[in-house]
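The residues making up each chain are set out below.
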Amino acid sequence: WRARVVVVLDAEAAETPELCDVLEARFGLGSWLRCVGEDLPEFLRGWHALRRPKFARVHWSTFWADRYAPDADYVGLLDSDVVFHSFGADTMLFVEDESGVDEEEE
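Residues numbered from 1 in each chain as written. Predicted model: local features only at pLDDT ≥ 70, side-chain atom pairs only at ≥ 80, totals over all residues. Heavy atoms only, no water.

Just to check I follow, could you spell out the pattern of salt bridges for this structure?
Side chains bearing opposite charge may pair, as long as their charged atoms lie close to each other. In total, this model carries four salt bridges according to the counting rule given. Members of the salt-bridge network, linked through shared partners, are Asp10, Glu12, Glu38, Arg57 and Arg67. (Salt bridge = Lys/Arg side-chain N within 4 Å of Asp/Glu carboxyl O.)

Below, the structure is given as structure tokens:
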């Protein structure tokens, strides 16, 4: 795969370590896949004044998503209703590198 994938999960969720373990067992974490837990910001901890604290949590994570991939040209945010397209999508969305040099080999 030509891209690197960073899976960012809520660090405070009990499921996060297990899900990262499943990803590692299934796909092998390494050069192309990384799984991290994002800490809940201090200002959202125990803030009962928020009507929807999980909603604020999602927006915080979305706002800061690019800090987990500082060298990326693109950052994709996935949700439960995302549909992955395969046939021809890459040629419609991206221009192929004409140099013939794989960035990973440099």
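Don't stop here, the text continues.
Is there a simple way to think about the nonpolar core in this case?
If you look at soluble globular proteins, the nonpolar side chains tend to sit buried side by side. Formed by Leu9, Cys20, Leu23, Leu33 and Cys35, the largest nonpolar core amounts to five residues. Mapped by element, the contributors of at least two residues to this core are helix H1 (16-27) and strand S2 (33-38). The contacts of cysteine 35, once residues within four sequence positions are left out, are Val7, Leu9, Cys20, Leu23 and Leu29. (Core = buried A, V, L, I, M, F, W, Y, C linked by side-chain atoms within 4.5 Å. Buried < 20%, exposed > 50% of the residue type's maximum accessible area, 1.4 Å probe, protein only. Helix = DSSP H or I, 4+ residues; strand = E, 2+ residues; numbered from the N terminus. Contact = heavy atoms within 4.5 Å.)

Please explain the side chain of glutamate 38 as it appears in this structure.
Structurally, glutamate 38 can be placed in strand S2. Judged by its relative accessible area of 2%, glutamate 38 is buried. Dropping the residues within four chain positions of it, glutamate 38 is found in contact with Val8, Leu9, Asp10, Ala11, Glu12, Arg57, Trp60, Ser61, Arg67 and Tyr68.

I'm lost on H1 in this one. Help?
Structurally, the α-helix is built with 3.6 residues per turn, so residues lying three or four positions apart point the same way. Between its first and last C-alpha atoms H1 spans 16 Å; for twelve residues at 1.5 Å apiece the expected length is 16 Å, and the two agree. Those residues of H1 that sit buried are Thr16, Cys20 and Leu23. Angular distribution of buried residues about the axis of H1 spans 60°; they occupy a single face of the element. Facing away from the buried surface of H1 by more than 90 degrees, the exposed residues are Glu18, Ala25 and Arg26. On its buried face, H1 sits against strand S1 (5-10) and S2. (Expected span 1.5 Å × (residues − 1). Arc of directions from axis to C-beta.)

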